[in-house]
Amino acid sequence: MEYNFSDIEKKWQKAWEEADAYKVSNKSDKPHYYVLDMFPYPSGAGLHVGHPLGYIASDIYSRYKRLKGFNVLHPMGFDSYGLPAEQYAIQTGQHPEKTTFENIDRYISQLKKIGFCYDWNREIRTCDPKYYHWTQWAFIQMFNSYFDAKTQKAQPISQLVAEFEANDPKWATLSEKEKQERLMNYRIAYLADTKVNWCPKLGTVLANDEVSEGLSVRGGYPVEQRVMRQWCLRVSAYAGRLLEGLDRIDWTDSLKETQRNWIGRSEGAEMRFNVKGQDAPFTIFTTRADTVYGVTFMVLAPESEYVARVVTPEQKAEVEAYLSRCKNRTERERIADRKVTGVFTGSYAINPLTQGEIPIYISDYVLAGYGTGAIMAVPAHDSRDYAFAKHFNLPIIPLIEGADVSEESFDAKEGKMINSGFLNGMEVKEAIQAMKEYITNTGIGRVKVNYRLRDAIFSRQRYWGEPFPIYYKDGMPYTLPEECLPLELPEVSDFKPTETGEPPLGHAAKWAWDEANNKVVDKKLIDNKTVFPLELCTMPGFAGSSAYYLRYMDPQNDKALVDKDVNAYWHQVDLYLGGSEHATGHLIYSRFWNKFLYDLGYICEDEPFKKLINQGMIQGRSNFVYRYIGEGATGNLYVSANLIELPQYKDKVQPIHVNVNIVNNDILDITAFRSWMPEFKNAQFVYADGTVDEDNPYIGAPCEKQYMCGWAVEKMSKSMFNVVNPDDVIAKFGADTLRLYEMFLGPLEMSKPWDTNGIDGVHRFLKRLWNMYENISNEEPTKEELRSLHKLIKKITWDIENFSYNTSIPAFMIAQNELSSLKCDKRAVLEQIAVLLAPYAPHIAEEAWHRCGNETFVIDAAWPECNEAYLVEDTQKYPVQFNGKVRFTLECAKDMPKEEVEKLVLAHEDTAKYLAGNAVKKVIVVPGKIVNIVMG
RNA sequence: GCCCAGGUGGCGGAAUUGGUAGACGCGUUGGUCUCAAACACCAAUGGGAAACCGUGCCGGUUCGAUCCCGGCCCUGGGUACCA
């Protein structure tokens, strides 16, 4: 009987769907378990074979947990707001919703073919008003909250207002607008003039994690710095808790480390320096308080507010020239060109310890956004200060004994202090401590912890995103009442910015808020008395993805993001699978968002994702043909890859990408190649055996000679012609083969190239397995058969619990091989094999399960328990080694105690003496392992 | 520069981490079946004629090291004037 995977897979996918077999209930006596994939952005290119890797891994775990008796929540949805659909809309005029929905449909149909156990009843889309209702709702909560530094948690802003009313007599005298302005400094979602990453090409601002090396991550367009009034989220307030929470979650060390670096905690001190001839001091931040005696100049960031105060009239022109030069440089230029630049302000600061006068400079190597935007420069012990001092000929005073600072600075925090007053003779670490105490006691400064983590810019000047539930009255923002949500995204006549430079929502005709009647009305009615303008920006991509895992728990609820009882049942995501590229974006924002909702008591867990696994990237494997470009080249001759190192071809061939789908095991399908593109129509070849076509063999019998392609691992992309579509693999081999093969490729967490060579081996295994279910007997299994089965149970259970899926497939193959050679056809064995296989290859397992006479779905079976008794062999062979060399084998009872084995070995002492010519010094017996005899 | 992960046959990778290195699969070679090919099945396959040598390189601990320690080299990823 043939293994007809196509019929089997269609049959069971239909049956599961009709029975709603994967529907999950929020009420159950079973223990709960929540397995989540990072939901995809539905791109126009559809899924390639790399995307489902993590989904297959999580599906295996979900099915396993369910077989183990858990109520498993395993949902899927779509992160459906995003730039590509909007860029496409600008180019074609097509509404982004249309493209997005088409892409989602395609994704769903591709995903369904793979046979996942998602509960599609719970599907969510971030662009669905029923969903973004709760994104907007969360924003309102953030607007109406502040972060209380004392309790380190979010509190309702009304509490702060009450505090102002009680303790600050000035509060009552403020106007409504002044009050709002003051509160804006505390709100967790707040409006502020901040320096932002502006991308002119995309016409929007971008968050720090959306920019890399001065270019936008999406599209790679240049990004410049600009000051704009933007919505921001006070993520930095949570820096301490985001850092400390990492200790309580089960994530990989490398991911935690990435987050720790991104949060960037540094312990140091703030110190005040007086300016000569002025009353007002300025404050700097340093982690090296011990080096105050070596400060030979001060540096301010160009954007520092101190600049205006310290510039002298004589220096004004020069400083202004420098500032405008800084301003016009893009971030990219600044990174590319790291020359030392700077300008003297004309003023001097007073060193609080030595009372010496030190010049104040401005330079762009000091960042306005970190610390106080001002530093004390210690050239002897900081490489950046050193470079600056050398350039401007400023003095360099060494502070550590034995440090040679004639060529470079000495940055290490070790050694004995010199030239440092009362610190002399101390170790650096002691000196830092002593100086911190000194400045605290004398009031010069204070101990301070700084974080690198900055607030998230939350406005995007784009159309395809969540509208802010905000309108403006007297220039200040007010939130819509919660019961008016969702505020739906309006239709616009054009997706580009308006002529006046407003975001695309400026084109919306019906986009104003009637405060009295609580409804959206025509823009023309704006009178700023009862009808007010609505916010024109939309929210960024991470808004919708920051709390989606909560919504899956209760996706239909229109009263709350998630019902409290439902949340109390599921708690949090137990296992989260996704790529490590989200380490500093989504995974920070989600944790922040979750902590905020936790503070306000809406959810019961402080961390969203208990355990997190990063699946590796699937890279592409490209194939090449080699066009001959040497002497006499016609541009039409291609050299086989095994020959290109020969002297006549070396450096005379040019590799050209060839579509991997017309290459099989690196052998080119010549007919397909010639019809692939017009330029290859008359291609001629130097074949693997070195023979050359004299005539064009295109017409006539198919050529038996082989042309070998070269290959390389590259990113999977259309331009490299190395994209493999899962639909094609499924059509050829079936979903079960695809699932098994993806897992077989290598360890889940490692990056690896997709190489279709080898998929036959996995497919063959399924065919062989299939044959075992043809005639099933009811006889009792033999001891050997049971041993094979229980060995497999033990192995597969261990593998799944340790996410070592790649080693399960060999175990299945070995078991299949053993059982076939035993001619095993026993129902008791085959039935359990089907259950073990069900997480990996659900369709074939389902069919096998039914062939064993079962009526239920295999997913409702129970995971088999390993009975260790079957694994015990009667005898055990101990290879005996002398000084590490195997000399003979001992055979004894498996359960023989260690001492007995030792005695037995010693009984062979004569043999040992004979072989080694020495006395036995030591016998090492490890049960089940090798016996070692050490000779004296 | 700094942080993290990783280097094992022709290839992907095993070795549940101190106990017979190379499981399993691909590829290759030989064979069976076939008029023939494909499919399938069987056998061999780290190097070396052998003694032996082999897990990036050098050294160390150990009876014994892919695994532990010290130093270096290479590859991939993250990050970058964070004071």
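Residues numbered from 1 in each chain as written. Chains lettered and ligands numbered in written order. Predicted model: local features only at pLDDT ≥ 70, side-chain atom pairs only at ≥ 80, totals over all residues. Heavy atoms only, no water.

Helix α4 (residues 96–114) packs onto helix α3 (residues 83–92) with a crossing angle of 130 degrees between their chain directions and a minimal axis gap of 8 Å. When the axes of α3 and α4 are compared, the pair comes out oblique. The interaxial crossing formed by α3 with α4 has right-handed handedness. Here A85, E86, Y88 and A89 of α3 lie close against α4, whose contacting residues are P96, T99 and T100. (Axes fitted to C-alpha atoms, helices over the stretch in contact; angles between N-to-C directions. Helix = DSSP H or I, 4+ residues; strand = E, 2+ residues; numbered from the N terminus. Parallel < 35°, antiparallel > 145°, perpendicular 65-115°, else oblique. Left-handed = near helix turned anticlockwise from the far one by under 90°. Contact = heavy atoms within 4.5 Å.)

The predicted coordinates should not be examined in detail at positions where pLDDT is low. With 92% of its residues at a pLDDT of 70 or more, chain A has an overall mean of 89. Low confidence marks residues 695–703, where pLDDT is under 50. Its contacts with residues over four positions away, or in another chain, come to nine contacts. The ipTM value of the predicted complex is 0.95, and its pTM value is 0.91. (pLDDT = per-residue confidence, 0-100.)

Turning next to the packing of helix α1 (residues 5–19) against helix α26 (residues 842–851). Axis separation between α1 and α26 bottoms out at 9 Å; the angle between their running directions is 85 degrees. With respect to their mutual orientation, α1 and α26 come out roughly perpendicular. Between α1, through I8, E9, K11, W12, Q13 and W16, and α26, the contact on the second element is made entirely by P842, H843, I844, E846, E847 and H850. Classifying every residue of the contact of α1 with α26 by side-chain character gives five nonpolar, three polar and four charged. (Nonpolar A, V, L, I, M, F, W, Y, C, P; charged D, E, K, R; others polar.)

Enumeration over the complete set of coordinates arrives at 66 aromatic pairs. Summarising the aromatic geometry, the rings of W231 and F468 are spaced 5.8 Å apart at their centres and angled 20 degrees between planes, so their arrangement reads as stacked. With a gap of 237 residues between them, W231 in strand β9 (residues 224–233) and F468 in the loop between β17 (456–457) and β18 (470–473) connect regions that are remote in the sequence. In this structure, W231 and F468 share a single accessibility class: buried. Members of the aromatic cluster, joined through ring pairs, are Y33, Y61, Y64, F70, F765, F803, Y805, F812, Y840 and W863. (Phe/Tyr/Trp six-rings, centres within 6.5 Å; stacked < 30°, edge-to-face > 60°. Buried < 20%, exposed > 50% of the residue type's maximum accessible area, 1.4 Å probe, protein only.)

What follows is about the pairing of strand β4 (residues 153–156). Sheet topology note: the strand β3 (residues 145–148)/β4 ladder contains four bridges and is antiparallel. Of the residues in β4, the one forming a bridge with Y146 is Q155. In textbook terms, the turn of a hairpin is the stretch between consecutive antiparallel strands, and for β3 and β4 this stretch comprises four residues, one of which, Q152, has a positive phi near 55 degrees. (Pairing = 2+ DSSP bridges.)

Right, let's talk about the sheet that holds strand β5 (residues 189–199) for a bit. On the basis of which strands lie adjacent, the open sheet formed by four strands has the order β6-β5-β9-β17 and antiparallel pairing. In the strand order of this sheet, the two ends are held by β6 (204–206) and β17, each with one partner. Pairing geometry for β5 and β6, over three bridges, is antiparallel. Bridged to N197 within β6 is L206.

Ordered by their spatial adjacency, three strands build an open sheet running β21-β20-β22, and the pairing between neighbours is antiparallel. Each edge of the open sheet carries a strand with a single partner, namely β21 (519–521) and β22 (531–533). Ignoring strand direction, the axes of neighbouring strands in this sheet form an average angle of 40 degrees. Direction of pairing for strand β20 (residues 512–514) relative to β21: antiparallel, over a ladder of three bridges. Among the inter-strand pairings, A512 is bridged to a residue of β21, identified as V521.

Here we take up the nonpolar core. Nonpolar side chains tend to gather and get buried jointly when the protein is soluble and globular. Counting 192 residues, the largest nonpolar core has L233, F458, Y548 and Y805 as the members making the most contacts within it. In terms of residue count, the dominant contributor to this core is helix α5 (residues 129–143) (nine residues). In this view, Y548 contacts L36, D37, M38, F39, I124, Y131, Y576 and H586; residues no more than four positions away in its chain are not counted. With 40 residues, the next largest nonpolar core counts V292, L300, V311 and A431 among its residues. (Core = buried A, V, L, I, M, F, W, Y, C linked by side-chain atoms within 4.5 Å.)

This next bit is on helix α11 (residues 316–328). When the terminal C-alpha atoms of α11 are compared, their 19 Å separation across 13 residues agrees well with the 18 Å that a helix rising 1.5 Å per residue should span. Every buried residue belonging to α11 is among V319, Y322 and C326, and all of these are buried. On an axial view of α11, the arc spanned by its buried residues comes to 65 degrees, and they lie on one face. When the buried face of α11 is taken as reference, the exposed residues oriented beyond 90 degrees from it are A317, R325, K327 and N328. Elements that come into contact with the buried residues of α11 comprise α10 (306–310), β13 (343–350) and β14 (357–362). (Expected span 1.5 Å × (residues − 1). Arc of directions from axis to C-beta.)

Turning our eyes to something else, we now look at helix α23 (residues 783–801). An α-helix turns once per 3.6 residues; consequently, residues spaced three or four apart project the same way. End to end, α23 covers 27 Å across 19 residues, agreeing with the expected 27 Å (1.5 Å per residue, within 8%). Within the sequence span of α23, burial applies to E785, L786, S788, L789, H790, L792, I793, I796, T797, D799 and I800. Close packing links the buried residues of α23 with α2 (52–67), α24 (808–821) and α25 (827–837). Looking one or two residues past α23, F803 carries a phi angle of roughly 55 degrees, positive in sign.

Attention now moves to the side chain of T204. Relative to the helices and strands, T204 is located in strand β6. Since its relative accessible area comes to 1%, T204 is described here as buried. Each residue touching T204, except ones within four places of it in the same chain, is listed here: N197, W198, C199, R460, Q461 and R462.

Another point: unusual backbone geometry. For the bond running from L485 to P486, omega is -5 degrees, close enough to zero to count as cis. Even without glycine at this site, N393 takes up a positive phi of about 55 degrees. Here N393 is to be found in the loop between α13 (383–392) and α14 (428–442). Backbone geometry at D474 places phi at a positive 55 degrees, although glycine is not the residue there. The exposure class assigned to D474 is exposed, which follows from its relative accessible area of 56%.

A complete count under the given rule lists 41 salt bridges for this structure. Across the pair E18 and K14 runs a salt bridge whose closest N-O atoms are separated by 3.7 Å. Of this pair, E18 and K14 are both found in helix α1, four residues apart, which corresponds to roughly one turn of the helix. Just as E18 is exposed, K14 falls in that class too. (Salt bridge = Lys/Arg side-chain N within 4 Å of Asp/Glu carboxyl O.)

The next thing to look at is the side chain of D799. Inspection of the secondary structure puts D799 in helix α23. Filtering out sequence-adjacent residues up to four positions away, D799 remains in contact with S804, Y805, T807, S808 and Y840.

Before going further, it helps to examine the pairing of strand β24 (residues 609–614). In this structure, strand β23 (residues 573–578) lies alongside β24, joined through five bridges in parallel fashion. By the bridge assignment for β24, V573 is matched with F609. Chirality of the crossover, the property in question, places the unit of β23, helix α18 (residues 586–599) and β24 among those that are right-handed. (Right-handed = clockwise from strand over helix to strand, strands pointing away.)

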